[in-house]
Amino acid sequence: MAKLLSCVLGPRLYKIYRERDSERTPSGVPEPPTTVTTPSSSSWDTYYQPRALEKHADSILALASVFWSISYYSSPFAFFYLYRKGYLSLSKVVPFSHYAGTLLLLLAGVACLRGIGRWTNPQYLQFITILEATHRNQSAENKRQLSKYNFDFRSWPVDFHWEEPSSRKESRGGPSRRGVALLRPEPLHRGTADTFLNQVKKLPCQITSYLVAHTLGRRMLYPGSVYLLQKALMPVLLQGQARLVEEYNGRRAKLLACDGNEIDTMFVDRRGTAEPQGQKLVICCEGNAGFYEVGCVSTPLEAGYSVLGWNHPGFAGSTGVPFPQNEANAMDAVVQFAIHRLGFQPQDIVIYAWSIGGFTGGLVSRTVRQHLNLNNAEQLCRYQGPVLLIRRTKDEIITTTVPEDIMSNRGNDLLLKLLQHRYPRVMAEEGLRVVRQWLEASSQLEEASIYSRWEVEEDWCLSVLRSYQAEHGPDFPWSVGEDMSAEGRRQLALFLARKHLHNFEATHCTPLPAQNFQMAWHL
């Protein structure tokens, strides 16, 4: 009877991955693949074949879930319509509640029938037994057995907890349950606080902004968090996940962030291969409608790097909602997982981000600033390491006019703010003007023409930067260029711009080819 209840309440099983001919070595950490081959589908994986009772019951429950999602999104309009028609009176709400209760009882009966169908299926019984054993004891063997199955990720056991690293317990600087300090609002200085009257005046706008951000705004900014879109993409996501497991020996893991969100990750280890770039880990951050199953992980994979992909909160297997603070907490858990569990050193970790989650038209500026502010330039300027920006010259998403107007590409502002922060003396009037001219180049020929017009001596630029670093250290901002001529500042500004930004002639959603995936420049 206990097993029957487990089948009723258990997760949906999508696919069963079979072992290869050669048994894998069990390990608590994803082990490096020895060879990368493309196994035949008949010997490697298969879709789980439910019995007729489970299959039909699953279809009914899935249809009910879609209808519920549609009802949820349309509920404001439905309530407004019912109110105008007078259907929200007590005399009419009570009969409706009876109908809703009857429907819930019917759905509960369908769920029980689905459980009976699972109970009669040996494959599901074996799966639920392994799942329960793994929840009781997360041994290496149990995890290896569980990795053969692809199922509803909500039931996957937690593999890494945000409090796990010993540094968190020994240092007061680690994140608390409130979240990492990266995106916390700074306290107001004395004399800047609003008066009570001003706060009352702003209250209606603040309430409206909050409601817009937490309903329509969040779904417009991160369409990948919409359940209906995820439901439509489910076959594609399952196929992409199977590809990562089959072809690259990917290992899935669930990370628990400090805000309680569970983050879905996929790790591909290349440290055991002959390719030297496999010693570096590329953490892939997808766009506002991207998933690691079908996202930008393919570029560093094809280039031979170790890769760690993860889904935003609320995307696919990850829980929560993708607000900026939740994003920061999730990224913190991912990086800590890479360092403390996967064993990569910080200097061997590369962050590869696709897009910035372009803001969708229709959101008022107050809402974006207060609730959906991603402040990419501010966070980038806080980073002290090497940076490479890839500007898509035909980008139709992050341009403010038309794709052909390359100066409206928001990547330009990101480069200028980064250089102005790191090299403020170089990016004075002369340097800023010449970098803007270089950014206006719409082709490689024009770009090279501007570069050669100012006769940039790269060896001289490198010697100036290296001598300054040797004397003053690597921490930014630098005061290099303070006593330099206008011509020298122009040369140095162009040299730095070219090292920090590469052009890629493509639209926003075109995958980056492996040959264009390069490490950032550093002295």
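If you look the protein up in an unreviewed UniProt entry, it shows as acylglycerol lipase from Trichechus manatus latirostris. Under the heading Subcellular location (unreviewed entry), UniProt records this for the protein: "Membrane".

The next thing to look at is the overall build of the protein. What the protein contains, in helices and strands, is 18 helices and 11 strands. By the burial criterion, 45% of the 523 residues in the protein qualify as buried. Pairs at least 24 apart in sequence give 75% of the contacts found in the protein among residues at least 6 apart. Counting only carbon and sulfur atoms, one obtains 58% of the accessible surface of the protein, whose full area is about 27800 Å².

In this structure the tally under the stated criterion is 16 aromatic pairs. With a centroid separation of 5.0 Å and an interplanar angle of 35°, the aromatic rings of Tyr468 and Trp478 are classed as tilted. One end of the pair, Tyr468, is in helix α17 (residues 458–472); the other, Trp478, is in the loop between α17 and α18 (486–500), with 10 residues separating them in the sequence. Grouping aromatic residues by their ring pairs yields a cluster made of Tyr48, Tyr124, Phe127, Tyr149, Phe151, Phe153 and Trp156. A cation over a ring is seen here: Arg252 above Trp156, with NZ or CZ 6.0 Å from the ring centre. Positioned over the ring face of Phe153 is Lys254, at 5.2 Å from the centre of the ring.

Here the idea is simple: oppositely charged side chains can pair when their charged atoms come close. This model, assessed by the stated rule, comprises 19 salt bridges. Note that Arg382 is salt-bridged to Glu378, the shortest N-O span being 2.8 Å. With a gap of 4 residues between them, Arg382 and Glu378 both fall in helix α13 (residues 376–382), about one helical turn apart. Across the salt bridge formed by Arg425 and Glu482, the nearest N and O atoms sit 3.9 Å from each other.

Let us look at a nonpolar patch on the surface. A cluster of nonpolar residues, Leu53, Leu113, Ile116 and Trp119, forms a patch on the protein surface that exposes about 350 Å² of accessible area. Ranked by residues supplied to the nonpolar patch, first place goes to helix α4 (residues 90–119) with 3 residues.

Buried residues dominate strand β6 (residues 262–268), accounting for 7 of its 7 residues. Neither face of β6 is open: one carries Glu262, Asp264, Met266 and Val268, the other Ile263, Thr265 and Phe267, and all of them are buried. Where strand β5 (residues 251–256) and β6 come together, 6 bridges link them in antiparallel fashion. Within β6, the residue paired with Leu255 across the bridge is Ile263. In this structure, the hairpin formed by β5 and β6 is closed by a connection of 5 residues, where Gly260 is found at a positive phi of approximately 90°. Pairing of β6 with strand β8 (residues 306–310), which is carried by 4 bridges, proceeds in the antiparallel orientation. By the bridge assignment for β8, Val268 is matched with Val307.

Let's shift gears to helix α9 (residues 227–248). Approximately 55° is the largest bend angle found in α9, and it occurs at Leu233, with the proline Pro235 only one to four residues beyond. Listed as buried for α9 are Gln230, Leu237, Leu238, Gly240, Gln241, Ala242, Leu244, Val245, Glu246 and Tyr248. The first or second residue beyond α9 is Asn249, which carries a positive phi of 55°.

On to the pairing of β5. The buried fraction of β5 amounts to 6 of the 6 residues, a majority that puts the element mostly inside the structure. By the bridge criterion, 2 bridges tie strand β4 (residues 160–161) to β5 in an arrangement that is parallel. Opposite Phe160, over in β5, you have Leu255 as the bridge partner.

Turning to the environment of Gln379, a few remarks are in order. Mapping Gln379 onto the fold places it in helix α13. Sequence spacing of Gln379 and Leu418 is 39 residues, and the spatial spacing of their C-alpha atoms is 10.0 Å.

With that settled, consider the nonpolar core. Soluble globular proteins tend to bury their nonpolar side chains together. Counting 38 residues, the largest nonpolar core has Tyr423, Leu465, Val480, Leu492, Phe495 and Leu496 as the members making the most contacts within it. Mapped onto this core, the elements with two or more residues apiece are α13, α14 (410–422), α15 (429–439), α16 (444–453), α17 and α18. Element by element, the count of residues in this core is highest for α18, at 6 residues. Excluding anything up to four places from it in sequence, Tyr423 contacts Leu465, Phe476, Trp478, Val480, Leu496 and His500. Membership of the second largest hydrophobic core comes to 24 residues, among which are Ala242, Met266, Leu301 and Tyr352.

On to the side chain of Arg114. Examined against the element boundaries, Arg114 turns out to sit in helix α4. In this structure Arg114 touches Val8, Glu54, Ala57, Asp58 and Leu61, once residues within four positions along its chain are discounted.

Attention now goes to the UniProt feature "transmembrane region" (unreviewed entry) in the protein. Under the feature "transmembrane region" (unreviewed entry), the UniProt entry names residues 60–84 and 96–116. As a span, residues 60–84 carries 100% helix and 0% strand, and end to end its C-alpha atoms are 32 Å apart. The distance separating the terminal C-alpha atoms of residues 96–116 is 31 Å; by composition the span is 100% helix and 0% strand.

Our focus in this paragraph is unusual backbone geometry. Phe476 connects to Pro477 through a cis peptide bond whose omega is 5°. Position of Pro477 relative to the elements: it lies in the loop between α17 and α18. A positive phi angle, near 50°, is found at Ala316, a position not held by glycine. By the secondary structure assignment, Ala316 is in the loop between β8 and α11 (324–341). Judged by relative accessible area, Ala316 falls into the partly exposed class, the value being 29%.

The next point concerns α15. For α15, every residue scored as buried is listed here: Glu430, Gly431, Leu432, Val434, Val435, Trp438 and Leu439. Considering only its buried residues, α15 is in contact with β10 (389–392), α14, α16, α18 and β11 (501–504).

Calculation rules
Residues numbered from 1 in each chain as written. Predicted model: local features only at pLDDT ≥ 70, side-chain atom pairs only at ≥ 80, totals over all residues. Heavy atoms only, no water. UniProt positions renumbered as here; feature names shortened; annotations may be inferred. Helix = DSSP H or I, 4+ residues; strand = E, 2+ residues; numbered from the N terminus. Buried < 20%, exposed > 50% of the residue type's maximum accessible area, 1.4 Å probe, protein only. Contact = heavy atoms within 4.5 Å. Areas by Shrake-Rupley, 256 points an atom, 1.4 Å probe, with all protein chains shown as cover. Phe/Tyr/Trp six-rings, centres within 6.5 Å; stacked < 30°, edge-to-face > 60°. Lys NZ or Arg CZ within 6 Å of the ring centre and 35° of its normal. Salt bridge = Lys/Arg side-chain N within 4 Å of Asp/Glu carboxyl O. Patch = residues over 30% accessible without salt bridge, like charges linked within 9 Å, V, L, I, M, F, W, Y side chains within 5 Å. Pairing = 2+ DSSP bridges. Bend = angle between axes of the 7 residues up to and from the residue. Core = buried A, V, L, I, M, F, W, Y, C linked by side-chain atoms within 4.5 Å.

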